[in-house]
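Examining the three-dimensional arrangement
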Amino acid sequence: VDAPLIPKQFHLGMFEIGRPLGKGKFGRVYLARERTSSFICALKVLYKSELQHGTGVEKQVRREIEIQSNLRHPNILKLYGHFHDSKRIFLILEFAGKGELYKHLQKESRFPEWKAAQYIAQMASALKYLHRKHVIHRDIKPENILMGIHGEIKISDFGWSVHAPNNRRKTLCGTLDYLPPEMIKSGSKDNWYNEKVDLWSLGVLTYEFLVGEAPFEDTPIMTHKRIARADMTIPEWLSKEARDLIKKLLVLDPEKRLPLEEVQNHPWIIKHCVKGERVSNREKFSFGK
Ligand SMILES: Cc1nn(C)cc1-c1nc2c(-c3cnn(Cc4ccccc4)c3)c(Cl)cnc2[nH]1
């Protein structure tokens, strides 16, 4: 079991702090090494002063710790532990060797279908694991995905995830692009805590990986309108299987969105994600069967 960070009680002196890896709305992340085990990790530092008491943010951090520490999946960034001093909260996170996925997407402008399909298959596997534990991520987007040293992706930032059902208010901040219709429409909030919201975001992610921009990208007003109507155009140059999967996820009615089981068995995923040995090896060992 890869749990080298055994002690339950951590403190800052246990770590050598390396270069800054990045910063988010709240806090920064540094490369760090645990002194006795030389275990490399990412240390996320949040200033208590920035998490005003009683606002959603403090609860968000508690939720991130509570939820992420109990998850173990190859496509979910591990949270090994946490500690705090008078001024700061520290999260000891898995170090993702290839950094933030959105930077790779920006550099390549869009991913070839075989690569996008691998990433979506890994996302579907991680979401299936989360939903089985009644965790809804609710903020699936490239900015919340990191990449491991072998090119595998890792969902991070569980600040917006919830244990369904929950009566949390979500103050909308950041991009609208990934929000499903049921979360931008006022009225009943019950659907906010239905795991089908992650299926919509998976559809938006598939589109953005393949096209290089989000399907409803526009001015905020227009994005709002286009999401509410699922008004998007899927480029002709995408394969028919890719177009089919996007159409089956970006469905207004949450109940009609393709379940994760069927995403994993969709022809577009099967075509690009051969399980086990490569197809070529299969011929080699068939001995004329
Ligand atoms: C950058 C970078 N380049 N390379 C080669 C690896 C990385 C890398 N970054 C990370 C990071 C990492 C860094 N920034 N962020 C974004 C952020 C920061 C603060 C609050 C919320 C969100 C995540 C992590 Cl957590 C975990 N592992 C990481 N690895």
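None of these values were measured; they are calculated from a predicted model. (Residues numbered from 1 in each chain as written. Predicted model: local features only at pLDDT ≥ 70, side-chain atom pairs only at ≥ 80, totals over all residues. Heavy atoms only, no water.)

Looking now at the pattern of salt bridges. Tallying each qualifying case throughout the model produces 18 salt bridges. Its salt-bridge partner being Asp-85, residue Arg-88 comes within 2.7 Å of it at the nearest N-O pair. Classification of Asp-85 by relative accessible area gives partly exposed; the value is 24%. A salt bridge links Asp-218 to Arg-226; its shortest N-O distance comes to 3.2 Å. On the accessibility criterion, Asp-218 (39% relative accessible area) is partly exposed. (Salt bridge = Lys/Arg side-chain N within 4 Å of Asp/Glu carboxyl O. Buried < 20%, exposed > 50% of the residue type's maximum accessible area, 1.4 Å probe, protein only.)

What follows concerns the packing of helix H5 (residues 196–211) against helix H7 (residues 240–249). Between H5 and H7, the shortest axis-to-axis distance is 8 Å and the interhelical angle comes to 150°. In terms of orientation, H5 and H7 fall into the roughly antiparallel class. Pair H5 / H7 crosses with left-handed handedness. Taking contact as the criterion, the partners of Leu-199, Trp-200, Leu-202, Gly-203, Thr-206, Tyr-207 and Leu-210 in H5 are, on H7, Ala-242, Ile-246 and Leu-249. Here the contact of H5 with H7 is composed, by residue class, of 8 nonpolar, 2 polar and no charged. (Axes fitted to C-alpha atoms, helices over the stretch in contact; angles between N-to-C directions. Helix = DSSP H or I, 4+ residues; strand = E, 2+ residues; numbered from the N terminus. Parallel < 35°, antiparallel > 145°, perpendicular 65-115°, else oblique. Left-handed = near helix turned anticlockwise from the far one by under 90°. Contact = heavy atoms within 4.5 Å. Nonpolar A, V, L, I, M, F, W, Y, C, P; charged D, E, K, R; others polar.)

What follows covers the confidence of the model for the chain. This prediction gives the chain a mean pLDDT of 88; 87% of its residues lie at or above 70. Note that pLDDT drops below 50 for residues 167–171; the model gives that stretch 15 contacts with residues more than four away or on any other chain. If you check the scores for this complex, the pTM reads 0.88 and the ipTM reads 0.97. (pLDDT = per-residue confidence, 0-100.)

A word on unusual backbone geometry. Of note in this structure, Ser-38 is not a glycine but carries a positive phi near 60°. The residue Ser-38 is located in the loop between strand E2 (28–34) and strand E3 (40–47) in this model. Located in the positive-phi region is Ser-109, a residue other than glycine, with phi close to 60°. Along the chain, Ser-109 turns up in the loop between helix H2 (101–108) and helix H3 (113–132). For Ser-109, a relative accessible area of 44% translates into the label partly exposed.

Turning our eyes to something else, we now look at the packing of aromatic side chains. In total, this model carries 7 aromatic pairs according to the counting rule given. Ring centres 5.3 Å apart and planes at 65° place the aromatic pair Phe-111 and Phe-209 in the edge-to-face group. In this pair, Phe-111 is assigned in the loop between H2 and H3 and Phe-209 in helix H5, connecting sequence segments 98 residues apart. For Phe-209, a relative accessible area of 0% gives the class buried. (Phe/Tyr/Trp six-rings, centres within 6.5 Å; stacked < 30°, edge-to-face > 60°.)

Before going further, it helps to spend a moment on helix H1 (residues 56–68). For the α-helix, the turn length of 3.6 residues means that residues three or four positions removed from each other point alike. If you check H1, its first and last C-alpha atoms are 17 Å apart, about what 13 residues at 1.5 Å a residue would give, namely 18 Å. Among the residues of H1, Val-57, Glu-58, Gln-60, Val-61, Arg-63, Glu-64, Ile-65, Ile-67 and Gln-68 are the ones counted as buried. (Expected span 1.5 Å × (residues − 1).)

Right, let's talk about the pairing of E2 for a bit. Across a regular strand the side chains alternate sides, sitting on one face of the sheet and then on the other. Bridge count for strand E1 (residues 15–23) against E2 is 6 bridges, and the pairing is antiparallel. For Pro-20, the partnering residue across the bridge sits in E2 and is Tyr-30. Where E2 lies against E3, 6 bridges are found, and the strand directions are antiparallel. Bridge pairing in E3 places Arg-33 opposite Ile-40. Taken together, E2 and the strand that follows it, E3, pair antiparallel across an intervening segment of 5 residues, in which Ser-38 is found at a positive phi of about 60°. (Pairing = 2+ DSSP bridges.)

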